[in-house]
Amino acid sequence: MIRGGIGGGNTQTGIHFEGIVDIVTYLQNDVEGYSCIQKSLNSKRQSMGFDIYYNGQLVAESFKKHELYRYLDSIGVDWKNILSKRLLPDDAIYVINNNVVFIIEVKYQEVGGSVDEKLQTCGFKLNQYRRLFAPLNHNVEYIYILNDWFRKREYQDTLDYIISMNCKYYFEYLPLYEIGLPVPDEQ
């Protein structure tokens, strides 16, 4: 991620990715108008994700890995009766305005390996997440954020497959408008 707004003309309009990504930290620290407040279970103080505010208005909720299931449990969604096994998203962002949960998976690669096959699971995972959020009547979209390693020609069939499964991918950058989050005016 680009820190402090340095490094490009679109620092306020999207999330830049360099290796491991934390969307909440990026929004809170690098995008004007955003603040994020952690939600936790009262008894155990375990995180249930973050409420994301833009100019004081709640616009989204973010859940990483196990936080998603703690949150679902807290609102009475019995995920164990929906899925046989948990899927642990890098990030799940529920954007309130458009009633969509965006499953964000970050894949950063510097050498070939098992991530090649992981990219080919998007259709199955999208289906599972849609089942998981059906009781809440939320739509679901699945997005990969990939580093430039995946621009190689050898990944073209995999990238085409991702699109054919109604999933999306971006290289190094996720535009805020693409997931329905407000975009601050740049000065």
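Here goes a summary of the coordinates provided.

Before going further, it helps to examine the overall build of the protein chain. Within the protein chain, the regular secondary structure consists of 5 helices and 9 strands. Going residue by residue from the N terminus, the α and β elements of the protein chain occur as β-α-β-β-β-α-β-β-α-α-β-α-β-β. Scored against the burial criterion, the 187 residues of the protein chain give a buried share of 48%. Long-range pairs, those at least 24 residues apart, make up 58% of the contacts in the protein chain between residues at least 6 apart in sequence. For the protein chain, the accessible surface area stands at approximately 9,700 Å², while carbon and sulfur atoms represent 46% of it.

Where burial is concerned, most of strand E3 (residues 47–54) is hidden: 6 out of the 8 residues are buried. Joining the antiparallel neighbours E3 and strand E4 (residues 57–63) is a turn of 2 residues, in which Asn 55 adopts a positive phi near 50°.

With that settled, consider the nonpolar core. Core analysis: the largest hydrophobic core is formed by 33 residues, its most contacted members being Tyr 129, Leu 132 and Phe 133. Listed by contribution, the elements that provide at least two residues to this core are helix H2 (66–74), strand E5 (91–95), strand E6 (100–107), helix H4 (122–133), strand E7 (139–146) and helix H5 (156–164). Examining the composition of this core, we find that 5 residues originate from one element, H4, more than from any other. If we ignore the near neighbours within four places in the chain, the residues touching Phe 133 are Leu 68, Leu 72, Val 101, Ile 103, His 138 and Val 140. In terms of nonpolar packing, the next biggest core, distinct from the first, is built from 24 residues, Ile 52, Phe 102, Ile 145 and Ile 179 among them.

With phi around 40°, Lys 65 is a residue other than glycine that occupies positive phi space. Assignment of secondary structure puts Lys 65 in the loop between E4 and H2. Even without a glycine there, the phi angle at Asn 99 is positive, about 55°. As for its position among the elements, Asn 99 is in the loop between E5 and E6. Asn 99 gets classed as partly exposed once you look at its relative accessible area, which sits at 24%.

Thresholds, definitions, all that
Residues numbered from 1 in each chain as written. Predicted model: local features only at pLDDT ≥ 70, side-chain atom pairs only at ≥ 80, totals over all residues. Heavy atoms only, no water. Helix = DSSP H or I, 4+ residues; strand = E, 2+ residues; numbered from the N terminus. Buried < 20%, exposed > 50% of the residue type's maximum accessible area, 1.4 Å probe, protein only. Contact = heavy atoms within 4.5 Å. Areas by Shrake-Rupley, 256 points an atom, 1.4 Å probe, with all protein chains shown as cover. Pairing = 2+ DSSP bridges. Core = buried A, V, L, I, M, F, W, Y, C linked by side-chain atoms within 4.5 Å.

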